[in-house]
Amino acid sequence: MKSNTGSKVRLGIFVTLGLGLFVAGVFYIGQKQRLFTSTFALKFLCGNVSGLQAGNNVRFSGINIGTVRSVRIVTDSTVQVEIIVDKATKKFIKKDAQASIGSEGLMGDKVVNINPGNPNQPEINADDFILCEGGNSIDEIMGQIKVVATNTAQITGDLAGIMDNIHQGRGTVGKLLMDTVFANNLDQTVVNVKKGAGGFKENMDAVQHSFLLKGYFNKKKKEQERSQKKAEENSKK
Amino acid sequence: MKKDATVLEENGEEAKKQASKFSIAYLSERLDDFFGQVDTFTRFTLRFFKEAFMPPYEVNEFLKQCYLVGNKSLPLVGLTALIMGLVFTMQSRPTLTKFGAQSWLPAMVAIAMIREISPVITALICAGKVGSGIGAELASMRVTEQIDAMEVSGNRPFKYLVVTRVMAITLMVPLLAIFSDSISLLGSFIGVNLQGDTTAKLFLSHIFEKLDFIDVFPAIIKTFFFGFAIGIISCYKGYNSNSGTEGVGRAANTSVVQASLTIFIIDMLAVQVANFFT
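## Comments concerning the sheet that holds strand β3 (residues 63-75) of chain A
Residue and element names in this part refer to chain A.
Then step 1. Strand order in the closed barrel made by the seven strands is β1-β4-β3-β2-β6-β5-β7, with mixed pairing throughout. Put simply, the sheet's adjacent strands are angled 35° from each other on average, direction ignored.
Then step 2. In the sheet, strand β2 (residues 57-60) pairs with β3 via four bridges, with the strands oriented antiparallel. What sits directly across from F60, in β3, is I63.

Written out as structure tokens, the structure reads:
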């Protein structure tokens, strides 16, 4: 009898805990979908929603403030998006607020970003329409990447042409690297420069020993010795 | 010489048996047997629904069965869920890291565990542990003529033995699946923190940001069907067992095999139905 009561209590605890976990889970999911918070609806019309779906997040200054309630086609070129937003943020969204469709990273879900608008404008009302800003869709980003790829292809083509010219020995750089006659001439020039430098050194030695400039060079030598002595004394101190 | 003759005779009989397996008469017999089984199983299920809603109700036996199925299976289900959550997180991490999507790990594991893995694993564990137990228990009662004795004494064995067990499993498997979901998320949290540092609040925030009602409700609803399938199949196999003690083992074995197979079939159908609403 006692063990029967014990097992009933344990069963009661088991069932209560299980149902409690379920209710807590449902509550948190509902809270995320703003089922238990006071909200209001806003609408905007867009030409292209880039895959936006009901349930995607709505952000204001990077904070999730709501979700997309519905996305439906109203004309052949217009889509109406209805969003539900936390009522606490209503005072920050002005009449000229703008909505744009962005993405959570390259692979992430779509999000609606709300630009609050001019602070001098009056506060927005429930069920109002706001403007839709043309955001950077993935298609546009891919288009830009295509332009970059085309430019890169052109640059690499030009580089290939330059390399070909160099290889053929055309142009200054090509001659420098590929022309053997030019290389021999350059080699000879270096030899001549070396010879000239040797002759110049001999001339300078002769000038140093001539009586006209001997005084100048001796004076320079003495100055050098003096500064050397001074440096030695300072180091001793 | 005499031995050789016996061996040849035995081989001949074996060959005859093999040949008879493909004969039309044999196939016809098997088909008759199959449709006969379908008929008795359908009658058994209809009898369950008829008796389940008709008083008197065996409340005490029902609660006892709930305790045996729910509380007694929780440690096994919980441990399995913890390990599954942990392992699944650790296995998924390298692939998500390659894509730079590590922050998706909690949500991905949670959706996979709640939508599919936890309900199926829980149901399979219950089919193995509870289904085989019920099959063997009822079969041994049938073999030892306890069920016949109950019928003779006017104790309504079907209501007492079958209805209570099937209802208990049908209601306890969803609860066990909810526990399994929660414990697997705990395992995932441990897995995430083994190679990183994530607070419980951020972990839960990541999960509930991506989780939707469509992930939770179909998964919980299908566990009622899993539980019912385990209960009705194992009770049918045990209640209609024959061939003496050999039948007890067979009832336990076929209960597990057929219940497990049915779980996968129901799961496949549930996915199709859930996809229809999304």
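Having seen the structure, we can now continue with the description.
## Observations concerning the packing of helix α2 (residues 24-52) of chain B against helix α6 (residues 157-194) of chain B
Residues and elements named next belong to chain B.
Then step 1. Running from N to C, α2 and α6 cross one another at 95°; their axes reach a closest spacing of 10 Å. Taken as axis vectors, α2 and α6 run roughly perpendicular relative to one another. Taking contact as the criterion, the partners of R47, F48, E51 and A52 in α2 are, on α6, F158, K159, V162, V163, V166 and M167.
Then step 2. Class assignment of the residues belonging to the contact of α2 with α6 gives a composition of seven nonpolar, no polar and three charged.

## Re the interface of chain B and chain A
When the parts of a complex come together, some accessible area is lost, and that lost area is often used as the size of the interface.
Then step 1. Facing the 17 residues of chain B at the interface are 15 residues of chain A.
Then step 2. Counting only elements with at least two residues in the side of chain B that touches chain A, the list comes to α3 (59-98), α6, α7 (200-210) and α8 (213-239) of chain B.
Then step 3. When residues in the side of chain B that touches chain A are grouped by element, the largest group, six residues, is from α3(B).
Then step 4. Broken down by class, the residue content of the side of chain B that touches chain A amounts to twelve nonpolar, three polar and two charged.

What counts and what doesn't
Residues numbered from 1 in each chain as written. Chains lettered and ligands numbered in written order. Predicted model: local features only at pLDDT ≥ 70, side-chain atom pairs only at ≥ 80, totals over all residues. Pairing = 2+ DSSP bridges. Helix = DSSP H or I, 4+ residues; strand = E, 2+ residues; numbered from the N terminus. Axes fitted to C-alpha atoms, helices over the stretch in contact; angles between N-to-C directions. Parallel < 35°, antiparallel > 145°, perpendicular 65-115°, else oblique. Contact = placed C-beta atoms within 7 Å. Nonpolar A, V, L, I, M, F, W, Y, C, P; charged D, E, K, R; others polar.

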